[in-house]
Amino acid sequence: MRSLVLIGHGSHLNSESAGAVYRYAELLRERGLFDEVVEGYWKEEPSLRQVLRTCRYTDVTVIPMFISEGYFTETVIPRELGLGHQGPVPPEGIARVLGGKTVRYTLPYGVHASMSDVILARAHEALPDANAQDTALVIIGHGTTRNENSNRVIHQNAERLRAAGLFAEVHALFLDEDPRLSTWTDVVRSPRVVMVPFFASEGWHTLETIPEDLGLTGEVTTFGAQTVYYSKPTGTHAMVADVVLNLAEGARGQSLQGGDVDAHHAQAWDTFMRLAQGGVRLGEAVITPQAGVFELRHMLDEGRGNAGLHTVVTPEGVRDVVREDEGGHHRPVHTLRNLPRGWRAVLSAEDLPRAVHYLYPAVVEESFACHTHALHTTPWATTARRQTGIYTKVQSATAEQVEAAARDVCSRCLKTRLWASQKLDSTVFDGVPGGIPCPEACTLLVAEVRERMSAKAGGGHH
Ligand code: SF4
């Protein structure tokens, strides 16, 4: 039995940022090749620090859903998962045993050789009869001097597709680096030009900067004797799900049988499900058993007629309603006290754990560990020491600065800060719905501490 974990960047501000990873997780769940597919994010929950704890099985394959190698795949993700590895990941990936789980960490999907097939598929969508006589293929990369790896991947794909001989010419051109996309008319000779953005998602670059820089007026634009066919980005193609499976298969190596059910995970959820059988309140929500199914809703909607509530019937439905507050703002931390009202979920016993996972990621696992005195907490100083890049500066935050940031951020959160030596004697397992442990400062708080320090250094106000 095996768990597959897809890792995305996520965002503190934008709920759409995680969308692509959620969609791939759904596609892969439908394929049924893994016993579970779980998502984890750097800037939102389920967070990188929690995600392994939320896995049901002891054989876990972790795939970074990034288009290229770099800071996140080589530094942030291995560090936050506790892999004890920094730097380039070898082609066969990294395997570690962590907390009784075998964790296999792979290269990001974007560097897999089969991404060339995805580029080809995008090119043929934009121009079905693209050919070796009159069609040029341009693979567009971001290109930055800070990330040579991303350029290397694009050059490799260009070489592979050039060797395949399917186009009259193949070029790799970049937004921020030579050879520049803006010079395409100097280098591309063919009358028909298919341009494929090698980007993870549809966004500012693919929708605005590239079309604006090139003067594209739509999917097809004619410039004198040449016509440009502009495709959708590679990263959103359904074939990426196959690339992910290829990577996962490669990482599995000789281990064919997979793992077992993780005993701690199973115990936590068995205990929680027994509570749910009798009805249970968790955080701001209430779960009520009803004739063989479970109903989940906001506690403040208790007693409201069903007709006035939006009903969802799947864990994904719960995921989508709880990702924003009532004002439409993103909820990167799900235990912030802004769970929207106005909905109810009707779920089978089989679906309830996944729905509760989306509602409050890792809360059942961490509350149970706290209840059984098995929760490891990480003090602020350790979290701060781990930070790199733009967050390195939080290492010099004073206790007062951290406390001031926590007053702002954590006062809106249901969790009790064990990492700041607060005590939590009772959890949902003792009948206290709001007794939720916070074993380690989240990235939202780390970002708040950094912002306060920057504001102070700049003499500004937060
Ligand atoms: Fe909540 Fe603060 Fe813990 Fe973040 S650090 S999860 S805001 S208590």
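Rules used in this analysis
Residues numbered from 1 in each chain as written. Predicted model: local features only at pLDDT ≥ 70, side-chain atom pairs only at ≥ 80, totals over all residues. Heavy atoms only, no water. Salt bridge = Lys/Arg side-chain N within 4 Å of Asp/Glu carboxyl O. Helix = DSSP H or I, 4+ residues; strand = E, 2+ residues; numbered from the N terminus. Buried < 20%, exposed > 50% of the residue type's maximum accessible area, 1.4 Å probe, protein only. Domains from an automatic or database assignment. Core = buried A, V, L, I, M, F, W, Y, C linked by side-chain atoms within 4.5 Å. Contact = heavy atoms within 4.5 Å. Phe/Tyr/Trp six-rings, centres within 6.5 Å; stacked < 30°, edge-to-face > 60°. Pairing = 2+ DSSP bridges. Near = heavy atom within 4 Å. Nonpolar A, V, L, I, M, F, W, Y, C, P; charged D, E, K, R; others polar.

## Examining the pattern of salt bridges
Under the defined criterion, the tally for this structure stands at 29 salt bridges. Residues Glu366 and Arg53 are paired through a salt bridge, measuring 3.0 Å at the closest nitrogen-oxygen approach. Of this pair, Glu366 sits in helix α12 (residues 363-371) while Arg53 sits in the loop between α2 (48-51) and β3 (59-64), and the two are 313 residues apart along the sequence. Residues Asp408 and Arg452 are paired through a salt bridge, measuring 3.2 Å at the closest nitrogen-oxygen approach. In this pair, Asp408 is assigned in helix α14 (residues 399-409) and Arg452 in helix α15 (residues 443-457), connecting sequence segments 44 residues apart. Residue classification places Asp408 among the partly exposed positions, given a relative accessible area of 36%. You can call Arg452 partly exposed: its relative accessible area is 22%.

## A few points about the domain arrangement of the chain
You can read the domains of the chain as domain 1 (3-111 + 239-261), domain 2 (115-236), domain 3 (264-361) and domain 4 (367-457). Placing the centre of domain 2 and that of domain 4 at their C-alpha centroids yields a distance of 44 Å.

## A word on unusual backbone geometry
The amide bond that connects Glu45 to the next residue, Pro46, takes the cis arrangement and shows omega of 0°. With respect to the element layout, Pro46 can be found in the loop between β2 (36-41) and α2.

## Description of the nonpolar core
Counting residues in hydrophobic clusters, the biggest one holds 87 residues, and the most contacted among them are Leu6, Leu137, Trp380 and Leu445. Per-element accounting of this core gives the leading share, 7 residues, to helix α8 (residues 240-252). Contact partners of Leu445, with chain neighbours within four places excluded, come to Trp380, Ala405, Ala406, Val409, Cys410 and Trp419. If you look at the next biggest cluster of nonpolar residues, it comprises 31 residues, including Met273, Ala276, Val312 and Val364.

## Thoughts on the packing of aromatic side chains
Counted by the stated rule, this structure contains 10 aromatic pairs. Measuring from centroid to centroid gives 5.7 Å for Trp269 and Phe272, while their planes differ by 75°, and the two rings are edge-to-face. With Trp269 and Phe272 both in helix α9 (residues 263-277) and 3 residues apart, this pair spans about one turn of that helix. By relative accessible area, Trp269 is classed as buried at 8%.

## Points about the pairing of β3
Consecutive side chains along a regular strand alternate between the two faces of the sheet. Counted residue by residue, β3 has 6 buried out of 6 residues, so it is predominantly covered. Burial along β3 is two-sided: the residues Asp59, Thr61 and Ile63 and Val60, Val62 and Pro64 are all buried. Sheet topology note: the strand β1 (residues 3-8)/β3 ladder contains 5 bridges and is parallel. Directly across from Ser3, in β3, lies its bridge partner Val60. Here β3 pairs with strand β5 (residues 101-105) via 4 bridges, running parallel. Residue Asp59 lies in a different strand from β5, and its bridge partner there is Thr102.

## Considering the environment of Pro433
In this structure, Pro433 sits in the loop between β16 (415-417) and β17 (436-438). Taking the relative accessible area as the measure of exposure, Pro433 reaches 21% and is therefore partly exposed. Apart from residues no more than four positions distant in its own chain, Pro433 is found in contact with Arg281, Leu282, Gly283 and Met299.

## Here we look at the site of the ligand
Near the ligand the following residues occur: Val409, Cys410, Cys413, Lys415, Arg417, Trp419, Cys438, Ala441 and Cys442. Partitioned by chemical class, the residues of the shell around the ligand number 7 nonpolar, no polar and 2 charged.

## A word on the pairing of β2
Counting buried residues in β2 gives 6 out of 6 residues, a clear majority hidden from the surface. With burial as the criterion, each face of β2 is covered, one bearing Glu36, Val38 and Gly40 and the other bearing Val37, Glu39 and Tyr41. The pairing of β1 with β2 spans 6 bridges and is classified as parallel. Across the sheet, Leu4 pairs through a bridge with Val37, a residue of β2.

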